Amino acid sequence: MGKQELLKSIPAVNDILAEKKSEKIKNEYSRNDLLEGIRYVTDKLRSKILADDFSQTNFDQDLLKTDNILDSVNNYLKNIYQPEMSSAINATGVVIHTNLGRSLLADSAAEAVNNVAKHYSTLEIDKDSGERGDRYSSVQNIIKKLTGAEAALVVNNNAAAVTLVLAAIAEDKEVVISRGELVEIGGSFRVPEVMEQSGAKLVEVGSTNKVYLKDYLNAVTEETGAFLKVHTSNYRIKGFTATVDAEELVNDAHQRDIPVIEDLGSGIIFDLQSYGLPYEPTVKESIDAGIDLVTFSGDKLLGGPQAGIIVGKKKYIEKLEYHPLLRALRVDKFTLAALEATLKLYRNFDEAVDKIPTLKMLTETDLKVKKRAEKLLSYIDKNDKFILEIEKDTARIGGGSYPLTEIKTYVLTIESKLISSEKMAYKLRQTEMPIFSRIKNQKLIIDLKTVQESEIELLAGEINQVLREEL
Ligand SMILES: *Cc1c(COP(=O)(O)O)cnc(C)c1O
């Protein structure tokens, strides 16, 4: 058959519609979807036949059968309506993995989200008067209690928090920042660019590795709106360095009526040293040092939902509350419900560490991780084509937190002559609950640090499936 004949053999739309299968598709979707699908599939066939490199012998004429066309239509529609975002298994060992959704919520936080999703809520209403209330009041008191701050506010994320603070405090004014703190986080958040957006003018002082109090003070002009400190959460400058103590900076700034702002990044609530992690400054320490406004993320070390939390002096928080940008950056009821529930777990630190998944993963012993690795291994079908081993390794905290800290972990390694690790990793990502792993020394690594106990059986099932396909 020549090209023209093949083109003529593509069934007419009406003939396709007359098929029983068409009726089924129409009932599941709609007549419009069915027609769109038929048009899509037949157009594809037409271009395939008309293509310059078209080859008679390679063309499968079965594709022109109405039945097969309708199968393709069904697949086309299924793809469109199938959810793209699904839950996934994090076997990378990166605890705060931004691309995999950062922090998992504690059970009580997930429940709180579910509740406000299915019922109306007291989001912004006063129970006593029945009148409009305050959107932020549910979380403000607990944040103040945990950080020792006079006032608090919550916005969409920490980038929004920094933007709002600068816009409200230092628009059209100069903001002095150390060159060593001009950080970029995850590619799209660059401190200098955010400052520009807010309308503040950046004045850089000091050098990459050293900054002194006098550098800040020498930069002060009539136009100075604030001093900004940024916690270099995702890198450290080591060696010959000097930074300015927050308390000292605050003292001299306040003598000149200049507010001091700090972007803490992760922002931890209590010191995790007794749980085996290195020292990181807490939010309370910044407040105690007299910083006027501190911002940090809700879904990094705090272990809650995506949010930007702002704490500090009442007079400045009030300015933010009346700023028009706040309306554009405001958080929804799901965020507030999850955040409130997460924060309430902090009334008891041991409870927080036990119930907030991010803190639990960061603080649990490697022996517990080893137990999960052994359990996973026990569920995997053994054969001589795959070498499976449990090894000691190091996991990472991620999210730009504790940049130099390695945490002990146990991993399951998989190696085979039948399939490359890259291909295995690819196949594991294509499963119903996609699995994200890592590769090291040509071996596939399943890091149990970030795999939840409840996911082990499912994970084993998917691994077995992928391995079986190669035998
Ligand atoms: C992560 C981070 C941000 C951005 O926070 P988001 O909540 O992702 O918007 C800003 N500043 C610092 C120092 C950070 O570590």
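Numbers given to residues run from 1 along each chain, matching the order in which its sequence is written. This being a predicted model, a pLDDT of at least 70 is required before a residue's local features are given, and a value of 80 or more before pairs of side-chain atoms are given or counted; all residues contribute to the totals for chains, interfaces and linings. For the side-chain quantities, the full set of heavy atoms in the structure was used; hydrogens and water were omitted.

In the nomenclature of an unreviewed UniProt entry, the chain is known as L-seryl-tRNA(Sec) selenium transferase. For the chain, the Catalytic activity (unreviewed entry) comment in UniProt is given as "L-seryl-tRNA(Sec) + selenophosphate + H(+) = L-selenocysteinyl-tRNA(Sec) + phosphate". Under the UniProt heading Function (unreviewed entry), the entry covering the chain gives this text: "Converts seryl-tRNA(Sec) to selenocysteinyl-tRNA(Sec) required for selenoprotein biosynthesis." UniProt positions are given in the numbering used here, feature names are shortened, and annotations may be inferred rather than shown by experiment.

**Brief notes about the overall build of the chain**
Numbered from the N terminus, helices here are DSSP runs of H or I no shorter than four residues, and strands are runs of E no shorter than two. From N to C terminus, the chain includes 20 helices and 16 strands. Buried means the residue's accessible area, taken with a 1.4 Å probe over protein chains only, is under 20% of the maximum for its type, while exposed means over 50%, and partly exposed covers the values in between. By residue count, 50% of the 471 residues in the chain fall in the buried class. It only takes one pair of heavy atoms within 4.5 Å for two residues to be counted as in contact. Across the chain, the fraction of contacts at a sequence separation of at least 24, relative to all contacts at a separation of at least 6, is 75%. Here the open area of atoms and residues is found with the Shrake-Rupley method and a 1.4 Å probe, where only the protein chains shown may cover a residue. In the form shown here, the chain has an accessible surface area of approximately 24400 Å², with 47% of it arising from carbon and sulfur atoms. Side chains of the chain give 62 positive and 73 negative charges; the mean places of these two sets differ by 3 Å. Charge assignment in this entry is limited to Lys and Arg as positive and Asp and Glu as negative, and neither His nor the chain termini are counted. By convention, charge coordinates are those of NZ in Lys, CZ in Arg, CG in Asp, or CD in Glu.

**Some words on the UniProt feature "modified residue: N6-(pyridoxal phosphate)lysine" (unreviewed entry) in the chain**
Per the UniProt record, the feature "modified residue: N6-(pyridoxal phosphate)lysine" (unreviewed entry) sits at Lys300. Among the structural elements, Lys300 can be located in the loop between β10 (293-297) and β11 (308-312). A residue is classified by how much of its surface remains accessible, and Lys300, at 5% relative accessible area, is buried.

**Observations regarding the packing of aromatic side chains**
Ring geometry is summarised as follows: Phe, Tyr and Trp rings, the Trp one being its six-membered ring, pair when their centres sit within 6.5 Å, and such pairs are stacked at plane angles under 30 degrees, edge-to-face over 60 and tilted between the two. By the definition in use, this model includes 7 aromatic pairs. Arranged with centres 4.2 Å apart and planes meeting at 20 degrees, the rings of Tyr40 and Tyr76 form a pair that is stacked. On the criterion of sequence distance, the pair formed by Tyr40 in helix α4 (residues 31-50) and Tyr76 in helix α5 (residues 66-81) is long-range, its members being 36 residues apart. A relative accessible area of 17% means that Tyr76 is categorised as buried. The rings of Phe270, Tyr275, Tyr346 and Phe349 are connected pair by pair, giving a single aromatic cluster.

**What to know about helix α7 (residues 137-147)**
Listed as buried for α7 are Val139, Gln140, Ile142, Ile143, Leu146 and Thr147. Next to the buried residues of α7 lie β3 (151-155), α12 (283-288), β11, α13 (314-321) and α15 (333-344). Where α7 terminates, the next one or two residues include Gly148, which has phi positive at roughly 75 degrees.

**Looking at the pattern of salt bridges**
Put simply, a salt bridge is a Lys or Arg side-chain nitrogen that is within 4 Å of an Asp or Glu carboxyl oxygen. Tallied over the full model, the rule gives 29 salt bridges. Within the structure, one salt-bridge network assembled from shared partners comprises Glu124, Arg132, Arg135 and Arg330.

**Some points on the sheet that holds strand β7 (residues 201-205)**
A pair of strands counts as paired when DSSP detects no fewer than two bridges linking them. In space, the 7 strands of this open sheet follow the order β3-β11-β10-β9-β8-β4-β7, with mixed pairing throughout. This sheet does not close on itself; its edge strands, each paired only once, are β3 and β7. Each adjacent strand pair in this sheet contributes to an overall mean axis angle of 25 degrees, direction not counted. Note that strand β4 (residues 174-178) and β7 share 5 bridges and pair parallel. Its bridge partner lying in β7, Ser178 is registered against Val205. Here an angle of 0 to 180 degrees is reported between the N-to-C directions of two axes, which are lines fitted to C-alpha atoms, with helices fitted over the stretch in contact.

**Quick notes on the nonpolar core**
Only buried Ala, Val, Leu, Ile, Met, Phe, Trp, Tyr and Cys residues count toward a nonpolar core, and they belong to the same one when joined by side-chain atoms within 4.5 Å. Ranked by internal contacts, the top residues of the largest apolar core, which has 91 residues, are Phe227, Ile310, Val311 and Tyr346. Those domain boundaries reflect an automatic or database domain assignment. A domain split of this core shows at least three residues from each of domain 2 (89-96 + 361-469) and domain 3 (105-352). Beyond its immediate sequence surroundings of up to four residues, Phe227 is in contact with Val176, Tyr216, Leu217, Val220, Leu249, Ala253, Ile258, Pro259, Val260 and Ile261. Met433, Leu448, Ile456 and Leu467 belong to the second-largest nonpolar core, a separate cluster that totals 28 residues.

**Quick word on the side chain of Ser103**
Looking at the element boundaries, Ser103 is found in the loop between β2 (94-96) and α6 (107-118). Ser103 sits in the buried class, given a relative accessible area of 10%. Look past the residues within four positions of Ser103 in its chain and what remains in contact with it is Asp299, Lys300, Gly303, Gly304 and Thr358.

**Side note on the packing of α4 against α5**
Contact geometry for α4 and α5: axes closest at 9 Å, N-to-C directions at 115 degrees. Between α4 and α5 lies a crossing whose hand is right-handed. Contact residues: Asp33, Leu34, Glu36, Gly37, Ile38, Tyr40, Val41, Thr42 and Leu45 in α4; Ile69, Leu70, Ser72, Val73, Tyr76, Leu77, Ile80 and Tyr81 in α5. Grouping the amino acids of the contact of α4 with α5 by side-chain chemistry returns 12 nonpolar, 3 polar and 2 charged. Note on convention: the crossing is left-handed when the near helix lies turned anticlockwise from the far helix by less than a right angle, right-handed when the turn is clockwise. Three residue categories are used. Nonpolar comprises Ala, Val, Leu, Ile, Met, Phe, Trp, Tyr, Cys and Pro, charged comprises Asp, Glu, Lys and Arg, and polar comprises the others, including Gly.

**Observations concerning the packing of helix α8 (residues 158-170) against helix α9 (residues 191-198)**
Here α8 crosses α9 at 45 degrees, and the two axes come no closer than 8 Å. In terms of orientation, α8 lies oblique with respect to α9. Crossing angle aside, the handedness with which α8 passes α9 is right-handed. For the pair α8 and α9, contact is made by Ala159, Val162, Thr163, Leu166 and Ala167 and by Val194, Met195 and Ser198, respectively. What sets the label is the angle itself: under 35 degrees gives roughly parallel, over 145 gives roughly antiparallel, 65 to 115 gives roughly perpendicular, and the rest give oblique.

**Some remarks on the sheet that holds strand β16 (residues 443-447)**
Ordered by their spatial adjacency, 5 strands build an open sheet running β2-β12-β13-β16-β15, and the pairing between neighbours is mixed. The strands lining the two open edges of the sheet, one partner per strand, are β2 and β15 (438-440). Taking each pair of neighbouring strands and ignoring which way they run, the sheet shows an average axis angle of 40 degrees. Relative to β16, β15 runs antiparallel, the two being bridged by 3 bridges. By the bridge assignment, Arg438 is partnered in β16 with Ile445. Those strands touched by helix α19 (residues 421-429) are β13 (406-416), β15 and β16, and its axis lies near 40 degrees from that of β16.

**Details of the environment of Lys443**
Position of Lys443 relative to the elements: it lies in strand β16. A C-alpha to C-alpha distance of 38 Å links Lys443 and Phe270, two positions 173 residues apart in sequence. Distance and chemistry together define a polar contact, namely a pair of N or O atoms within 3.5 Å, with one atom able to donate a hydrogen and the other to accept it when in protein, and with adjacent residues in sequence counting only for side-chain atoms on both sides. A polar side-chain atom of Lys443 sits 2.9 Å from a polar atom in the side chain of Glu391.

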